[in-house]
Amino acid sequence: MDEQQGFAWDDRYLLGHSAMDETHREFVALVDALLTVEADGLEAALADFARHAEAHFDQENRWMELDGFPARDCHVDEHNKVLASVREVQLELAEGNVQLVRELAVALMDWFPAHADYMDSALSTWLVKRSHGGRPLVFRRTGSKA
Ligand SMILES: [Fe+2]
Ligand SMILES: [Fe+2]
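About the thresholds
Residues numbered from 1 in each chain as written. Chains lettered and ligands numbered in written order. Predicted model: local features only at pLDDT ≥ 70, side-chain atom pairs only at ≥ 80, totals over all residues. Helix = DSSP H or I, 4+ residues; strand = E, 2+ residues; numbered from the N terminus. Buried ≥ 20, exposed ≤ 12 C-beta atoms within 10 Å, placed from the backbone. Contact = placed C-beta atoms within 7 Å. Core = buried A, V, L, I, M, F, W, Y, C linked by C-beta atoms within 7 Å. Axes fitted to C-alpha atoms, helices over the stretch in contact; angles between N-to-C directions. Parallel < 35°, antiparallel > 145°, perpendicular 65-115°, else oblique. Left-handed = near helix turned anticlockwise from the far one by under 90°. Nonpolar A, V, L, I, M, F, W, Y, C, P; charged D, E, K, R; others polar.

A. Quick peek at the overall build of the protein chain. When you go through the protein chain residue by residue, the secondary structure sums to four helices and zero strands. When the helices and strands of the protein chain are placed in sequence order, the string is α-α-α-α. Counting all 146 residues of the protein chain, 22% fall into the buried class. Sequence separation of 24 or more characterises 70% of the internal contacts of the protein chain that already satisfy a separation of 6 or more.

As structure tokens, then:
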């Protein structure tokens, strides 16, 4: 494997809650770094990602604790599974297992679109409705990749 494919943001990931969308852009950029950074930068990139993931998931988990959000458990479970994998891979990387970090990044790239679609979008819609009494407005640039 000579070249790592990166992970690029796509506007179809937009959910309409601006803080969540901003966090998701950061998620994609940090996973992209895990895929593309040189091996000697991996430890720092993984630490950055771990910090991001904790804050990202913690914020969503706290939003779901607001009154009346339905069905929080499986969303929190998914976050916890990702965090557990990240911690495991940090330990493996400390033992020199560089390849596992790339595999984690590929798994995260596969995981994110469905997680955003099924779980985060429900939360985003609920949050926006709760604050504005309406559905989220999502502006996607025309011509963005399908
Ligand atoms: Fe999220
Ligand atoms: Fe989430």
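B. Molecular detail of the nonpolar core. Of all hydrophobic cores here, the largest spans 14 residues; its most connected members are Val31, Leu34, Leu46, Phe49, Val101, Leu104 and Ala105. Where this core is concerned, the elements lending two or more residues are helix H1 (18-36), helix H2 (42-64) and helix H4 (98-132). Those residues in contact with Leu46, other than ones at most four positions away along the chain, are Leu34, Val89, Gln90, Leu93 and Val101. In this structure, Met64, Met119, Leu123 and Leu127 belong to the second largest nonpolar core, which totals five residues.

C. Focus on the packing of H2 against H4. For the pair H2 and H4, interaxial distance at closest approach is 13 Å and the crossing angle is 20 degrees. Taken together, H2 and H4 sit at an angle that is classed as roughly parallel. Every pair of crossing elements has a handedness; the one defined by H2 and H4 is left-handed. When H2 is examined against H4, the residues Leu42, Leu46, Glu60, Trp63 and Met64 are found in contact with a partner set consisting of Val98, Val101, Asp120, Leu123 and Leu127. Residues belonging to the contact of H2 with H4 are distributed by class as follows: eight nonpolar, no polar and two charged.

D. Looking closely at the environment of Met64. For Met64, the location among the structural elements is in helix H2. Residue class for Met64 comes out buried when judged on the 20 C-beta atoms lying within 10 Å of it. Separated by 63 residues in sequence, Met64 and Leu127 have C-alpha atoms that sit 9.0 Å apart. Setting aside anything within four residues of it in sequence, one finds Met64 in contact with Phe69, Arg72, His75, Val76 and Leu123.

E. Molecular detail of the packing of H1 against H2. Contact geometry for H1 and H2: axes closest at 10 Å, N-to-C directions at 155 degrees. The angle between H1 and H2 places the two elements in the roughly antiparallel class. Along this stretch, H1 crosses H2, giving a crossing that reads as left-handed. Residues Thr23, Glu26, Phe27, Leu30, Val31, Ala33 and Leu34 of H1 form the contact with H2, whose own contacting residues are Ala45, Leu46, Asp48, Phe49, His52, His56 and Gln59. In terms of residue class, the contact of H1 with H2 is built from eight nonpolar, four polar and two charged.

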